[in-house]
Amino acid sequence: MCQHTLIFQIVQVQLHCADTSMPRYETLDDRILQSLDNVEPASEPDNPKETSEVWQRLLNFFDLSPSAIFILISEFFEKLAYFGLRAILVLYFTDALQLSENKATSIYHVLIFLSTTFTILGAFISDFCCGRYRSILIFSILYLVGDIVLSTTAILVLIGDSGVGSYIGLFIFTLGSGGMKSNVLPFGADQIDAKEEKRYRMYFSFFYFSMNLASFIAGISIPVLREDVQCFSSDCYPLAFGVTSIAIFVALVVFVLGTSWYKIYPPTGNLFCKVVCATGSALKNKMKWMMNKKATKAKEHWLDWADSGYKQEIINNAKRLCNLLALYPLLPMYWALYEQQGSRWTLQAQEMDRNVGSIKVKPDQLQSLNVFFVLFLLPLFDGVIYPLFEKINVLIQPVTKMSIGLVAAGFAFFIAGMVQLQIQRWQIILPQPEGVTELKIFNGALCKLKVDFLENHFVMDEQMLSPSYSIPIDPYTLHITPVNCSVPPMSESINFTMDTQNKSTLFIAQDLKTRELTVTQVPDNIVKIMDNSALLRIFPLLGTGLSSHNRIVKLMCNPDSSEDLEVRPLVPSAYKPVQLGRCSFEVSGDNGLSFIPVEGEVELKEGGAYTIILHQANNTEAVTVSLHIDSWPKTVSVLWQVPQYLVISISEILFVVTGMHLTYTQAPFCMRSVAMAAWLVTKGVGNLIVVIVAESTLIENQAVEFFVFAALMGLISLIFFVTTRLHKYHPIDTSGEKEVNESNGLNSELNTPLPYSSIKNRTHLN
């Protein structure tokens, strides 16, 4: 989020870059009159539309123009949609589209990369053919169409569609959002009088505030709509996406309503191409000189080899830009860590206990912690921490702050790895070596049993569940011998074969009437439970298996509702998703009409897989319940994620904000938007790094992956620190404030002022 800080400063510079005074502009009314001759330009442009006295006083109080107000409101609703969709996107991939965590992570980061890339596309379209106003309208419409397609196809996904339409909608959404980013903020700055710096600062402050306020509100509210409202018995992603579509529509309407107040500039040329051509020329001539065995005298800098047709100002700007860009190859690794807040860290939160007191936190709401910490810590750093360190001559150089920010990002991922270890300790079912699986045995007989199989020999008490035994996949023979009790004759040897994919439990039951023993092999749960439920299976030791009808078990986990589960006596049921909470049971009698209360209660927690044993005592109606945990529930509190979010927020202030300041102060005056484009490219490359790691599946253990990222960040921090020792600092380039002969970067304006005209300034023709 903080990368917008530099953009604010860049826009201020761009408005000076073409001329020391504000360039002329046109309104929509002017275009109608452009074909008329003898138009006398006004000396200074008036406000395109008059405002009421009360409204104008309010605007003067905040030092804002009416046009800026419309843009700020539009930006708020646009960011509400953007951050709202991003907050739930990775869960949409895993829950609705049924993608794996690695695939969801990859697609999420590819979309961010595309959005970053399309910002450059939006800037070029604006400069070369459409201008900022028309570009914003075009990309806003694409933005809206993409979100509508996504919300519509989300309905089809919930009823069984493949989800191809969702990917199409996301691509259009990404194209629209990326194309807008490079135009909205500069267009808003166009509305501010360049001679009044106070008004710039006020506008930038409101723009930044509206953006982060929208991000915070979206991060809290959109996940609530997703989870707390049900659509087709699933999380209501169509509603969440529909709300973001409405937000984009409101943003577009507000933007169009302000048209009469806007100052609109025409499209311009681009300096970036000249710099690229000059750089290419220098490289070509340098190579020729080296191939000719350095026949002529060497030049001070390799860019001095550019053709003589390029002005020295362009060469000097290229030198300064290259000095800055030399630091950028190491930056993508930071973004690779930072952007995982919306993917890996959200998936991590989904595996944790998200009950905080009486509040249940959504996994996609945790991303709002980053916004909260940055908004709180940024004034603290600027107003307190930095001044204190400057007094003792510490944290003076920007690259020093950035180096510490890199280390902090690595430490945040070290914390995330430690948290993940605790999660995996309880939740993740670790794979067995090839050819080996696990077996448990439950004794539901009325007496002790001696069990022998393979190398294992032990005696089990009644109602006892054995620990897990690692056994080979090959067939094996189980020997069961009653201890001090009489049962009808049974085969001493029972042959079983273990499944290569599943762990199993052998349930041994004894019929209360015939006294016979039965052995049933049932597969255990082997997957993580990611939704808000628990899995429950019931082993009903109820009476006789000769009964002609099944029994009904009434599960009551809250006072307002209950679930009826049908079971067959002495036969374990399959796993079924059930309610959460402290639950009691009732069992239907033999006649199927009355229900018998079960003695005891059990607590079912989110993410757990449980086996419930309902045991009916011999010759009685009394039924008792016992609980066995097959897979541990989510026991690690989500509050353990707070430290890693706090540390990554500190790293953002130290690295991102400072890095933008470095880009602004070290870039040539009229090429700061080019430097900003390079900064955005590092962010896109960082997202690609995450995609490569996720798709390679070289690291299957998530905790290990976090530790690898932390170690790589530590190595990059060391290299970056050494590299910065060679970086040459330049004073801030203010040459553009005196005279600029070339247009500025990706978002430059024409040097030649556009004659301004309006109806009341037009000379009437005779």
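Refer to the structure presented above.
Scope of this entry: the structure provided in the associated data block. Everything numeric here is computed off the predicted structure, so don't read it as measured data.

**As for the packing of aromatic side chains**
Thought 1: For the structure shown, the criterion picks out 30 aromatic pairs.
Thought 2: Seen from their ring centres, Phe 442 and Phe 507 are 6.1 Å apart, and the 50° between their planes marks the pair as tilted. Here Phe 442, found in strand E5 (residues 436–444), pairs with Phe 507, found in strand E12 (residues 504–510); they are 65 residues apart in sequence, far enough to count as distant. As far as the burial class goes, Phe 442 and Phe 507 line up, both buried.
Thought 3: An aromatic cluster of three or more residues is present, and its members are Trp 345, Phe 413, Tyr 645, Phe 706 and Phe 709.
Thought 4: When the ring centre of Tyr 386 is taken as reference, the NZ or CZ atom of Lys 401 above it lies at 4.0 Å.
Thought 5: Positioned above the aromatic ring of Phe 595 is the side chain of Lys 554, whose terminal nitrogen or guanidinium carbon lies 5.0 Å from the ring centre.

**Side note on a nonpolar patch on the surface**
Thought 1: Together, Leu 213, Phe 216, Ile 217, Ile 220 and Phe 372 make up an exposed nonpolar region whose accessible area comes to about 390 Å².
Thought 2: Tracing the chain through its elements places Phe 372 in helix H13 (residues 368–391).

**Points about H13**
Thought 1: Here H13 spans 34 Å end to end across 24 residues, near enough to the 34 Å set by a 1.5 Å rise per residue.
Thought 2: The axis of H13 is deflected most strongly, by about 50°, at Phe 381.
Thought 3: Of the residues making up H13, those classed as buried are Ser 368, Leu 369, Asn 370, Val 371, Phe 373, Val 374, Leu 377, Leu 378, Phe 381 and Tyr 386.

**Describing the sheet that holds strand E14 (residues 534–541)**
Thought 1: Overall, mixed pairing links the four strands, which are arranged E17-E14-E21-E22 in an open sheet. Edge positions in the sheet fall to strand E17 (576–578) and strand E22 (623–631), since each of these pairs with one other strand and no more. Sheet twist, expressed as the mean angle between neighbouring strand axes with direction ignored, is 35°.
Thought 2: Summarising the sheet, E14 and strand E21 (residues 609–616) pair through seven bridges and their orientation is parallel. From the neighbouring strand, Leu 535 faces E21, where its bridge partner is Ala 609.

**Comments concerning the state of the cysteines**
Thought 1: For the structure on display, the rule yields two disulfides.
Thought 2: One disulfide in the model links Cys 231 with Cys 236; its S-S distance is 1.7 Å. Disulfide Cys 231-Cys 236: torsion about the S-S bond near -50°, hence left-handed.
Thought 3: There is a disulfide in this structure between Cys 557 and Cys 583, and the S-S distance comes to 1.9 Å. On the sign convention where negative means left-handed, the S-S torsion of about 100° between Cys 557 and Cys 583 marks this disulfide as right-handed. Taken together, the residues span a long stretch of sequence, with Cys 557 in strand E15 (residues 551–558) and Cys 583 in strand E18 (residues 581–588) at a distance of 26 residues. Here the two residues Cys 557 and Cys 583 agree in accessibility, since each one is buried.

**Notes on the nonpolar core**
Thought 1: Core analysis: the largest hydrophobic core is formed by 59 residues, its most contacted members being Tyr 92, Phe 93, Phe 187, Phe 241 and Tyr 262.
Thought 2: Residue assignment for this core shows that the elements contributing at least two residues are helix H4 (66–96), helix H5 (101–158), helix H6 (164–190), helix H7 (197–228) and helix H8 (237–257).
Thought 3: Considering each element in turn, this core owes the most residues, 17 residues, to H4.
Thought 4: Every residue in contact with Tyr 92, bar those within four places of it in the chain, is listed here: Leu 97, Leu 150, Ala 154, Val 157, Ser 166, Tyr 237 and Phe 241.
Thought 5: Among the nonpolar cores identified, the runner-up in size contains 57 residues, and Tyr 334, Val 636, Leu 662 and Leu 680 belong to it.

**Focus: the environment of Leu 331**
Thought 1: Looking at where Leu 331 falls in the secondary structure, it is placed in the loop between helix H10 (312–325) and helix H11 (332–338).
Thought 2: Not counting residues within four places of it along the chain, the set of residues in contact with Leu 331 comprises Met 402, Phe 655, Trp 679, Thr 682 and Phe 720.

**Some points on the pairing of strand E16 (residues 561–567)**
Thought 1: One ladder, built from six bridges, connects E15 with E16; its direction is antiparallel. From the neighbouring strand, Ile 552 faces E16, where its bridge partner is Glu 566.
Thought 2: Between the antiparallel neighbours E15 and E16 lie two residues.

Conventions we followed
Residues numbered from 1 in each chain as written. Predicted model: local features only at pLDDT ≥ 70, side-chain atom pairs only at ≥ 80, totals over all residues. Heavy atoms only, no water. Phe/Tyr/Trp six-rings, centres within 6.5 Å; stacked < 30°, edge-to-face > 60°. Helix = DSSP H or I, 4+ residues; strand = E, 2+ residues; numbered from the N terminus. Buried < 20%, exposed > 50% of the residue type's maximum accessible area, 1.4 Å probe, protein only. Lys NZ or Arg CZ within 6 Å of the ring centre and 35° of its normal. Patch = residues over 30% accessible without salt bridge, like charges linked within 9 Å, V, L, I, M, F, W, Y side chains within 5 Å. Areas by Shrake-Rupley, 256 points an atom, 1.4 Å probe, with all protein chains shown as cover. Salt bridge = Lys/Arg side-chain N within 4 Å of Asp/Glu carboxyl O. Expected span 1.5 Å × (residues − 1). Bend = angle between axes of the 7 residues up to and from the residue. Pairing = 2+ DSSP bridges. Axes fitted to C-alpha atoms, helices over the stretch in contact; angles between N-to-C directions. Disulfide = S-S within 2.5 Å. Core = buried A, V, L, I, M, F, W, Y, C linked by side-chain atoms within 4.5 Å. Contact = heavy atoms within 4.5 Å.

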